[in-house]
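Per-entry structural report
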Amino acid sequence: MLEEWQTSWKNGDTGRKIFNIMPSVSLRPTNWIREHVIFFSQHGPFPAYLKRFHLSDSDYCSCGGIGTALHYATECIYTVPWHMRKPAPNFEQEWLKRVANNLVSRQKIRGIIKFISGNRDLFRPP
């Protein structure tokens, strides 16, 4: 059963953002909370996500940057208390893996997502 699940996960076309962080299936829980799933799947209150699914006209954050999960975690002026060092573009996947496995980074992610969710008007495009 695990082998079949792994094959399906490896060859699937959905969940690729999570697959890049967790390429192996497991019966052990990840201990991710809602905010972690939102951040790592990049399916949430992010303008880039909302525009992609035609739920918004713009993918810009009100600060002027493209509103992605990485933007909020590394450079948005509204989320400075939770910032982490921005990875080089060719190391973004490795950065996400390290962040996912780091308790302090996951606490920062929780803070970012809670702040964005509680202040949606602040994050609307200009």
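Coordinates for the structure precede this section.
Here's a quick rundown of the structure. The shown structure was predicted, so the numbers you read here are calculated from the model rather than taken from an experiment.

Moving on, we get to the overall build of the chain. In terms of regular secondary structure, the chain is built from 7 helices and 0 strands. When the helices and strands of the chain are listed from N to C terminus, the series reads α-α-α-α-α-α-α. The C-alpha atoms of the chain give 15 Å as radius of gyration, which agrees with the globular expectation for 126 residues (14 Å, within 12%). Oriented by its inertia axes, the alpha-carbon framework of the chain measures out at about 50 × 35 × 30 Å. Within the chain, the proportion of its 126 residues that are buried is 35%. Once local pairs closer than 6 in sequence are excluded, the contacts in the chain between residues at least 24 apart make up 42%. Surface accessibility of the chain: about 8200 Å² in total, with carbon and sulfur atoms responsible for 53%. The distance from the centre of the 17 positive side-chain charges to the centre of the 10 negative ones in the chain is 6 Å.

Take the nonpolar core next. Formed by 27 residues in total, the largest nonpolar core has its most connected members in Phe-39, Phe-40, Phe-46, Tyr-72, Trp-95, Ile-109 and Ile-113. Residue contacts for Ile-113: discarding those within four places in its chain leaves Glu-35, Ile-38, Phe-39 and Phe-46.

Together, Leu-2, Trp-5 and Leu-27 make up an exposed nonpolar region whose accessible area comes to about 320 Å². Within the secondary structure layout, Leu-2 lies in helix α1 (residues 2-11).

Counting across every chain of the model gives 2 salt bridges. In this structure, the salt-bridge partner of Lys-114 is Glu-35, at a minimum N-O distance of 3.8 Å. Taken as a pair, Lys-114 in helix α7 (residues 103-118) and Glu-35 in helix α3 (residues 34-41) lie far apart in primary sequence, 79 residues in all. In this structure, Lys-86 engages Glu-75 in a salt bridge whose closest nitrogen and oxygen atoms are separated by 3.1 Å. A residue pair is termed long-range when its members are at least 10 positions apart, and Lys-86 in the loop between α5 (69-74) and α6 (92-100) and Glu-75 in the loop between α5 and α6 qualify at 11 residues.

Cut-offs and rules
Residues numbered from 1 in each chain as written. Predicted model: local features only at pLDDT ≥ 70, side-chain atom pairs only at ≥ 80, totals over all residues. Heavy atoms only, no water. Helix = DSSP H or I, 4+ residues; strand = E, 2+ residues; numbered from the N terminus. Rg over C-alpha atoms; globule rule 2.2 N^0.38 Å. Buried < 20%, exposed > 50% of the residue type's maximum accessible area, 1.4 Å probe, protein only. Contact = heavy atoms within 4.5 Å. Areas by Shrake-Rupley, 256 points an atom, 1.4 Å probe, with all protein chains shown as cover. Lys, Arg positive; Asp, Glu negative; His and termini not counted. Charge placed at Lys NZ, Arg CZ, Asp CG, Glu CD. Core = buried A, V, L, I, M, F, W, Y, C linked by side-chain atoms within 4.5 Å. Patch = residues over 30% accessible without salt bridge, like charges linked within 9 Å, V, L, I, M, F, W, Y side chains within 5 Å. Salt bridge = Lys/Arg side-chain N within 4 Å of Asp/Glu carboxyl O.

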